[in-house]
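# Analysis of the macromolecular model
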Amino acid sequence: MSFCSFLGGEVFKDHFQPGIYVCAKCGHELFSSRAKYEHSSPWPAFTETIHEDSVSKRKERPGALKVSCGKCGNGLGHEFLNDGPKRGQSRF
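Residue numbers run consecutively from 1 along every chain, following the written order of its sequence. Note on the predicted model: pLDDT of at least 70 is required for a residue's local features to be given, and 80 or more for side-chain atom pairs to be given and counted; whole-chain, interface and lining totals, by contrast, use all residues. Calculation of side-chain values draws on the structure's entire complement of heavy atoms; hydrogens and water are dropped beforehand.

### Let's talk about unusual backbone geometry
Short version of the rule: Here a strand is any run of E in DSSP of at least two residues, a helix any run of H or I of at least four, and the numbering for each starts at the N terminus. Buried, partly exposed and exposed residues are distinguished by accessible area as a fraction of the type maximum, computed with a 1.4 Å probe on protein chains only: under 20%, between the cut-offs, and over 50%, respectively.
Located in the positive-phi region is N82, a residue other than glycine, with phi close to 55°. Among the secondary structure elements, N82 is positioned in the segment after β8 (75-80). Taking the relative accessible area as the measure of exposure, N82 reaches 59% and is therefore exposed.

See below:
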């Protein structure tokens with residue numbers, strides 16, 4: 001399964017079959033389906049990355065980090081701090 005930018009119809013938002021989500025540009029492993037959860041945003045939502053080096057992050061604004069593929073730098077969106085399904089969790 002590849003993870004790509006939202007183009008008006010994200011095909012993996014409601015996809016909950018077991019698997020690994022990878023970067024659409026280079027195939028680097030990003031998220032496990034075990035970390036995926038239902039969310040009201042139009043994109044898939046995850047609580048954590050599959051590996052420590054799956055993504056790189058930089059502060060964009062308070063409460064939000066810009067997230068890129070840890071291997072090729074492909075833009076993946078954001079990590080929203082303290083916006084996960086449980087108190088204190090983040091949402092990718």
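The discussion continues.
### Topic: the environment of K86
Its location among the elements puts K86 in the segment after β8. On a C-alpha basis, the gap between K86 and T47 in space is 9.2 Å, while along the polypeptide they are 39 residues apart.

### Some thoughts on the nonpolar core
To keep things clear, this is the line we draw: Put simply, buried Ala, Val, Leu, Ile, Met, Phe, Trp, Tyr and Cys residues joined by side-chain atoms within 4.5 Å make one nonpolar core.
Core analysis: the largest hydrophobic core is formed by 10 residues, namely Y21, C23, L30, F31, F46, V55, V67, C69, L76 and F92. Every element with two or more residues in this core is listed here: β2 (20-23), β3 (29-32) and β7 (64-69).

### Let's talk about the sheet that holds strand β6 (residues 55-61)
Two strands in a sheet stick together by hydrogen bonds in their backbones, pointing the same way (parallel) or opposite ways (antiparallel). Where we set the bar: Strands are treated as partners if at least two bridges between them are detected by DSSP. In this analysis, axes come from line fits to C-alpha atoms, helices being fitted only over the stretch in contact, and the angle between any two N-to-C directions falls in the range 0 to 180 degrees.
If you walk across this open sheet you meet the three strands as β6-β7-β8, and the pairing is antiparallel. Strands at the two margins of the open sheet, each flanked by one partner only, are β6 and β8. Neighbouring strand axes in the sheet, compared pairwise and without regard to direction, differ in orientation by 30° on average.

### Points about the pattern of salt bridges
To keep it simple, the criterion reads: What makes a salt bridge here is a side-chain nitrogen of Lys or Arg within 4 Å of a carboxyl oxygen of Asp or Glu, nothing more.
Within this structure, the stated rule accounts for three salt bridges. Two residues, R61 and E60, come together in a salt bridge whose shortest N-O distance is 3.0 Å. On the basis of relative accessibility, which here comes to 40%, the residue R61 falls in the partly exposed class. When its relative accessible area of 36% is taken as the criterion, E60 is described as partly exposed.

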